[in-house]
Amino acid sequence: GSVRPPGATAPDFALRDQDGERVTMAAYRGRPIAVTFVYSTCEDTCPALVDQVRGALDDTGLDVPLLAVSVDPANDTPERARRFLNERRMTGRARFLLGTRAELAPVWKGYGVQPQTDALEHSATVVLVDAQGRQRVGFPYDQLTPEALAHDLRRLTHS
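Being a predicted model, the structure only gives us computed values, none of them experimental. (Residues numbered from 1 in each chain as written. Predicted model: local features only at pLDDT ≥ 70, side-chain atom pairs only at ≥ 80, totals over all residues. Heavy atoms only, no water.)

Student: Tell me about the pattern of salt bridges, and please be specific about residues and values.
Tutor: Tallied over the entire structure, the rule returns eight salt bridges. The partner of Arg-93 in a salt bridge is Asp-58, and the shortest N-O contact between them spans 2.8 Å. Highlighted residues: Arg-93 in the loop between helix H2 (78–87) and strand S6 (94–97) and Asp-58 in helix H1 (residues 45–60), separated in sequence by 35 residues. Owing to a relative accessible area of 30%, Arg-93 belongs among the partly exposed residues under this scheme. Measuring nitrogen to oxygen at the nearest pair gives 2.8 Å for the salt bridge that ties Arg-134 to Asp-130. Taken together, the salt bridges that share partners define one network made up of Asp-51, Arg-54 and Arg-88. (Salt bridge = Lys/Arg side-chain N within 4 Å of Asp/Glu carboxyl O. Helix = DSSP H or I, 4+ residues; strand = E, 2+ residues; numbered from the N terminus. Buried < 20%, exposed > 50% of the residue type's maximum accessible area, 1.4 Å probe, protein only.)

See the structure below:
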């Protein structure tokens, strides 16, 4: 992936996941995580993106959490988010973070992500965050492969 700007931190937040559980970025300090931006009714890019992450996690055997941040808060419901994770075989391995546009906007901004709109396709990306909460590597959808992600996940977990 491409190196993120030096010093770019993962923005802190308090959101709810697909099961209504509170999720904060601070709770993941001390371990690397992957963050992606998807919407539950997407039929092409988002499922493929999450499948690539699952492939990398399967290849490495690493227990790296995936936080999937909604980019379509008006249409992403807990039920749709649970179905999306189940269909991608990521239940228990990923949390689909939901919220209002106002709650999600600072997270999008912190990662430089464009949310889904009628006029614009959202930014399809995966960002690896290190144990200190720094954004380290970003993978735009068109550059994401399970092999490349697995390589960077191994480096991040052994650094």
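Student: Describe the packing of H1 against helix H4 (residues 146–157), and please don't skip the residues or the numbers.
Tutor: H4 packs onto H1 with a crossing angle of 55 degrees between their chain directions and a minimal axis gap of 8 Å. The orientation of H1 with respect to H4, classified from their angle, is oblique. Pair H1 / H4 crosses with right-handed handedness. Across from Gln-52, Val-53, Gly-55, Ala-56, Leu-57, Asp-59 and Thr-60 in H1, the residues of H4 making contact are Pro-146, Leu-149, Ala-150, Leu-153 and Arg-154. For the contact of H1 with H4, the per-class residue count stands at seven nonpolar, three polar and two charged. (Axes fitted to C-alpha atoms, helices over the stretch in contact; angles between N-to-C directions. Parallel < 35°, antiparallel > 145°, perpendicular 65-115°, else oblique. Left-handed = near helix turned anticlockwise from the far one by under 90°. Contact = heavy atoms within 4.5 Å. Nonpolar A, V, L, I, M, F, W, Y, C, P; charged D, E, K, R; others polar.)

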